Amino acid sequence: MNKDLRKAVIAGNWKMNKNPEQTKILLGEVAPLVANAKCDVVACVPFLDLPAALEAAKGTNIQIGAQNCHWEESGAYTGEIAANMLTSIGVTYVIIGHSERRTYFGETDETVNKRIRAALNAGLTVILCVGETLEQREQGITEELVALQTKIALLGVTKEELSRVIIAYEPIWAIGTGRTATAEQAGEVCGAIRKVIAALYDKQAAEAFTIQYGGSMNAKNADELLTQTDVDGGLIGGASLKAADFAEIIRAATEG
Ligand code: 13P
């Protein structure tokens with residue numbers, strides 16, 4: 001497996017933080033620090049902040065993403081946003097299937113699949129999140145579970161479309177807890193995901209496929225996590241809200 005065959009992507013998931021004014025300030029701080037990044041840099045912000053983020057990211061190497069989208073193009077879906085609404089304003093990335101959406105908002109593998117297909121149809125690049133609970137890890141079913149999540153999420157996704165999909169392996173027990181997976185644990189599961197991609201598509205598609213780790217990744221542990229052969233980037237929550245920390249992770253990805 002050759003890491004050079006794939007794109008490193010560091011994405012911030014701001015979750016439900018920052019208003020439009022604060023968005024401009026934070027991106028204004030981040031932009032000069034990451035201007036020379038050799039990896040792709042993405043900020044996934046709340047829907048309300050998207051126009052401000054797009055404006056602030058103009059002329060920089062930062063791409064802007066949303067944190068979800070609906071599977072229909074329009075209709076009676078109160079509170080939802082369609083994928084084509086996102087592309088209409090210049091959004092290029094979307095996170096789908098984050099564990100917080102699965103846990104608090106009833107997202108299932110089936111709705112994740114529907115949202116992914118809509119996002120790809122609209123031209124977005126998808127960051128698909130998969131990951132296990134602590135209980136599932138202790139039961140020894142992590143790899144099976146993550147394989148199942150991956151397979152269902154990618155139903156009907158062609159090999160050509162796969163070039164616009166990234167998977168973020170996010171162990172639920174590591175999210176926002178300060179408890180990071182060890183580099184070995186992260187590498188192992190990311191490697192297992194790559195095998196699933198090879199089985200679903202082929203070896204070449206698997207080697208070119210970007211897999212991120214997410215879950216308490218920070219300026220201190222990023223280096224070690226990103227040196228794992230199968231870890232090609234990160235999906236960063238808390239640390240993406242601090243410009244210097246986010247920039248440090250991007251530096252680690254570039255050198256990792
Ligand atoms: P933290 O980096 O805050 O643990 O969040 C990870 C995450 O959920 C990114 O999507």
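Preceding block: the structure.
What counts as what
Once a new chain begins, its residue numbering starts again from 1 and follows that chain's sequence as written. pLDDT decides what is reported in this predicted model: residues at 70 or higher carry local features, side-chain atom pairs at 80 or more are listed and counted, and totals for whole chains, interfaces and linings draw on all residues regardless. Computation of side-chain values covers all heavy atoms of the structure but excludes hydrogens and water. Each helix is a run of DSSP H or I of at least 4 residues and each strand a run of E of at least 2, with the numbering of both proceeding from the N terminus. Being paired, for any two strands, means DSSP has found at least two bridges between them. Here an angle of 0 to 180 degrees is reported between the N-to-C directions of two axes, which are lines fitted to C-alpha atoms, with helices fitted over the stretch in contact. Contacts were defined at the residue level, with two residues in contact if any of their heavy atoms lie within 4.5 Å.

*Asks:* Please explain unusual backbone geometry as it appears in this structure.
*Replies:* Excluding glycine, residues mostly carry a negative phi; peptide bonds, for their part, are mostly trans. Of note, the phi angle at Lys15 is positive, near 55°, even though the residue is not glycine. Turning to its location among the elements, Lys15 is positioned in the loop between β1 (9–13) and α1 (20–34). Phi at Lys18 is positive, roughly 80°, even though this residue is not glycine. Inspection of the secondary structure puts Lys18 in the loop between β1 and α1.

*Asks:* Hey, could you run me through the sheet that holds strand β2 (residues 40–44) in this one?
*Replies:* Strand pairing in a sheet is mediated by backbone hydrogen bonds. Such pairs are either parallel or antiparallel. Around the barrel, eight strands lie side by side as β1-β2-β3-β4-β5-β6-β7-β8; this closed barrel has parallel pairing. Strand after strand, the sheet turns through a mean of 25° between neighbouring axes, direction not considered. Examined bridge by bridge, β2 and strand β3 (residues 62–66) share four bridges and lie parallel to one another. Residue pairing in the sheet places Val42 in a bridge with Gln63 of β3. On top of the sheet, α1 reaches β2 and β3; it is set at about 135° to β3, its chief contact. This element, helix α5 (residues 109–122), spans β4 (93–96), β5 (125–130) and β6 (165–169) of the sheet and lies at about 165° to β5.

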